[in-house]
Amino acid sequence: MKRPRSFRACPALQALEPRGLLNGSLDATFGGDGRVLIDLPPREDGSPQLPTAFAAAIQADGKILVAGEDLHGQSFVVARLNTNGTLDASFGVGGATTIPIPGGVRGGEEILVRDDGKILIVGSTGGSTESFAIARLERDGTPDVTFDSDGVVVVGETSSVGGAALTPDGGILIGGERTRSMGATILVRLCADGSLDPSFGDGGRLGSDALPPRMRGIDALAVQFDGAIVVAATGLGGGLLEYAEGYLVARLGPSGSLDTRFGVAGMATIDFGVSGEVLHDLAIQADGKIVVAGEAGEGFAVARLGPDGTADVAFDGDGRAVIAFADTSAARSVAIDADGRVILAGFVNAAGVTGAFGWDFAVARLTSAGALDLSFSSDGRATVDFGESNAPRSDEAVAVALQAEDGKIVVMGSSDDVPGFRTEAPYMFAVARLKVVADGVDEPPIERDPPEKPIPRPRPRPFPDPRIHFFYGLSKRRRPHPSRSPELRGFRGGYPGTSRPAGSRRFGRGSRPSRRLRTPRKGWTLRPAWPRVRRGSGRCDEVGRRPGPPRRGRLGVFEAGFSRPAGPSSRGRWRA
C-alpha cells in the first residue's frame, strides 16, 4: 500500500521486505534483516531534506553515526542509530540533527568522535570562496557553544577538504586541495578550540612546498600512535594533460616537517599498472603498517606498506592486490580487524549483480596475507541491495567500521531511487550490518588462563559434633549439665544446631545432674574453659591438628569448671 504524501516531524525508518540471508552475511538482529533506511524530517520550509551521506563512525558505546549534506546544500545532517538499528531518540530531534553552514555546503569528508564523546563534522563550504568548515556537537546532538561560540568554524583557505583526523592532544588535522591553485596541497592544524595551531608549519598551515612535488592535494590522512602524520593522494602525471597515475604516500613529523626516512626521500609510490587509479582511504595497523585503498581499473584496489614506506611483500607477494566483482566496482573505505584482516567497502554496478539499474553496497575481506578470505560469504565478497523487486534502488557505501565488542562489520552510505521508480523519499541514509560468524557455527572460545588448583582445606563440622564429648563440673564424679548453669545460657533449651533437647543421653555422660550442683559453691565462680585440644579428640580445624577418630569417655575438646581466685589454698587441685 502506497504511503500518503506527507512529511513527519521526526525521522522514520523505512520497512524493507524480508529476504533469505546467506551464511553470516546480513545480521538479522539489526533492523530486522540487517538493513536500515533512514528517512529524515523535512526542512523548516516543509521541503524534504533528501540527504547524501559522506562519512560515518561508531561511538565507543556502539552507537552508529552517519553524516551527510542535504540536497539543497545548506546544512550538515547527522543521524544516530542504536546498536539494534533503531533511531536514537536522545540525539537531536528524534535521532537526527541539522547544522546550517554559512555559505552553504559544497561537500563533506569526515566525521570524528573525540574521547569525551563530542562529535566533529568536517567538510567544505559553498559559494564563490570554498573553505574548510568544521562543526562540533555535544553528545546529545546540540551545537557545542564552546567551539567558536556557535559550534561552527570556517577556515578561509579557498580549499576543498580531502581528509581529516584527530591528533593525540585533541587537535584537528584537515588536508585538501586549493581550489584556485590547480593541484596545490594544503594541510591545516587546529587547536581543540578551533583556532589555528601556531606550532604547526607556517602559522598552522602547510603548502605544496612542504610536500613531495608529485603530490597534488590530499585525499586521505591518518595520525600514527607517535603523532606522525601519514598523508596519501592520487598521483598525477602526463605533463599538461594530467591523468591519475598510482598512489602516493608521505609521512610528516608532528610539527609538519617531511620525514625523509620514509620511502624514497619521504614519499612512497604504489603503481597497479592499470588505468583509473584513484585513492580514497587509508588505515594504519597496530604494528605500524599502512594500508591504502581505492580503485584501479574496474575493481577494488588495496596496497600495504611497511612502517618504513617500502612495499610489504608479505601482502599478496608484491604489497598490492586488485579485487574484481561481477561488474565495475570501487572501494571507498578500509578498516583493519583485530586479526589483521583487511575489510574494504564500496559499491559495485548492480547490472552485473542483480541486473538492476544503479549500484549496490560491496564488501570484501582479505586475510592478513592479502588473499580473499574464503570464510567470509563463501568467496570473500558480499553485496547488499536496499531495493526491492518492485522498487529498485541505487546504493553507494562511503564508510566501513567494526563494532568493538563483537567485530561485526557496519557499512554506511546513501540509497537513491532509480528512474522509472521515483518515490517521495528518493535520497536516504543507508546502513547495513554483516555478521562475522555464520549461522550454526559456534564463535571461537575466548582464551582464558586455567583456573588455579584450590588449596585443600579440612572441611569444618557442624557444632556441636555428636562425636565430641564435654567436660563440666568440679570433679570426675559430678558434672553439672550446661542447661543447669545460669552463666551458660547459650546452651539452655538444647544443643545448638541439633534437634536434641538438653539432657539427652546421646550427649554428655548420663542422666540429669544432681540438683545440689546446679549452682557453684560459695566463693567460687563458674566460667567456661577455653577450647582445648586433647590427644585423640575429634577433629579440630581451629588449630590445624591432625584429625583423629573420636574417642568415647571423658576426653573432649571443650572443658569448663569451677575456679577460685589464686591464693595459698589453691594447690592446683581444680581444673583451670
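Residues numbered from 1 in each chain as written. Predicted model: local features only at pLDDT ≥ 70, side-chain atom pairs only at ≥ 80, totals over all residues. Heavy atoms only, no water.

(A) Representation of the pattern of salt bridges. This structure, assessed with the given rule, holds 21 salt bridges. Among the salt bridges present, the one from Arg 35 reaches Asp 33, with a minimum N-O distance of 2.7 Å. Both residues of the pair, Arg 35 and Asp 33, count as buried. Between Asp 406 and Lys 408 there is a salt bridge, with its nearest N and O atoms 4.0 Å apart. Its relative accessible area of 33% is what places Asp 406 among the partly exposed residues. Put simply, Asp 337, Asp 339, Arg 341, Arg 365 and Asp 373 are held in one network by salt bridges that share partners. (Salt bridge = Lys/Arg side-chain N within 4 Å of Asp/Glu carboxyl O. Buried < 20%, exposed > 50% of the residue type's maximum accessible area, 1.4 Å probe, protein only.)

(B) Spatial organisation of the pairing of strand 22 (residues 320-323). Alternating residues of strand 22 divide into Ala 321 and Ile 323, all buried, and Arg 320 and Val 322, none buried. For strand 21 (residues 299-305) and strand 22, the ladder comprises four bridges, and the chain directions are antiparallel. Note on strand 22: the bridge partner recorded for Phe 300 is Ile 323. (Helix = DSSP H or I, 4+ residues; strand = E, 2+ residues; numbered from the N terminus. Pairing = 2+ DSSP bridges.)

(C) Representation of the sheet that holds strand 4 (residues 64-69). The sheet built from four strands is open, its strands ordered 3-4-5-6 with antiparallel pairing. Bordering the open sheet on either side are strand 3 (52-58) and strand 6 (96-100), each of which pairs with just one other strand. On average, each strand axis in the sheet is inclined to that of its neighbour by 20 degrees, with strand direction left out of account. Note that strand 5 (residues 75-81) and strand 6 share five bridges and pair antiparallel. Each bridged residue has a counterpart across the sheet, and for Ala 79 the counterpart in strand 6 is Ala 96. (Axes fitted to C-alpha atoms, helices over the stretch in contact; angles between N-to-C directions.)

(D) Summary view of the packing of aromatic side chains. This structure, assessed with the given rule, holds five aromatic pairs. Taken together, a centroid distance of 5.1 Å and an interplanar angle of 75 degrees make the contact between Phe 347 and Trp 359 edge-to-face. Of this pair, Phe 347 sits in strand 24 (residues 342-349) while Trp 359 sits in strand 25 (residues 359-366), and the two are twelve residues apart along the sequence. Classification of Phe 347 as buried rests on a relative accessible area of 12%. (Phe/Tyr/Trp six-rings, centres within 6.5 Å; stacked < 30°, edge-to-face > 60°.)

(E) Main features of the environment of Val 145. Of note, Val 145 is situated in the loop between strand 9 (132-137) and strand 10 (152-155). Taking the relative accessible area as the measure of exposure, Val 145 reaches 56% and is therefore exposed. If we skip the residues at most four places from it in the chain, Val 145 touches Asp 150 and Gly 151. (Contact = heavy atoms within 4.5 Å.)

(F) Representation of the nonpolar core in the model. Of all hydrophobic cores here, the largest spans 21 residues; its most connected members are Ile 38, Ile 64, Val 66, Leu 81, Met 412, Phe 429 and Val 431. Listing elements by their share of this core, those giving two or more residues are strand 2 (35-39), strand 3, strand 4, strand 5, strand 27 (393-402), strand 28 (409-417) and strand 29 (427-434). (Core = buried A, V, L, I, M, F, W, Y, C linked by side-chain atoms within 4.5 Å.)

(G) Just unusual backbone geometry, in detail. Residues other than glycine seldom take positive phi values, yet Asp 148 does so here, at roughly 60 degrees. Non-glycine residue Asp 316 carries a positive phi angle of around 60 degrees. Topologically, Asp 316 is positioned in the loop between strand 21 and strand 22.

(H) Just the environment of Leu 187, in detail. Within the secondary structure, Leu 187 is located in strand 13 (residues 185-190). Note on Leu 187: relative accessible area 0%, which makes it buried.

(I) Quick peek at the sheet that holds strand 10. Strand order in the open sheet made by the four strands is 7-8-9-10, with antiparallel pairing throughout. Lying at the two open borders of the sheet, with one neighbouring strand each, are strand 7 (105-113) and strand 10. Each neighbouring strand pair of the sheet contributes to a mean axis angle of 20 degrees, computed without reference to strand direction. Inspection of the sheet shows strand 8 (residues 119-125) paired to strand 9 by six bridges, in the antiparallel sense. Its bridge partner being in strand 9, Gly 123 is matched across the sheet by Ala 133.

(J) Region of interest: the pairing of strand 19 (residues 278-284). Most of strand 19 is tucked away: five of the seven residues are buried. By the bridge criterion, six bridges tie strand 19 to strand 20 (residues 290-296) in an arrangement that is antiparallel. Across the sheet, Val 278 pairs through a bridge with Glu 295, a residue of strand 20.

(K) Main features of the confidence of the model for the protein. Averaged over all residues, the pLDDT of the protein is 75; the fraction at 70 or higher stands at 66%. Per-element averaging of pLDDT across the protein places strand 32 (residues 558-563) at the bottom with 41 and strand 21 at the top with 95. Note on residues 462-479: pLDDT is under 50 here. Beyond four places in sequence and across chains, it has 50 contacts. Long-range and interchain partners of residues 485-518, a stretch whose pLDDT sits below 50, account for 52 contacts in this model, where long-range means more than four residues apart. (pLDDT = per-residue confidence, 0-100.)

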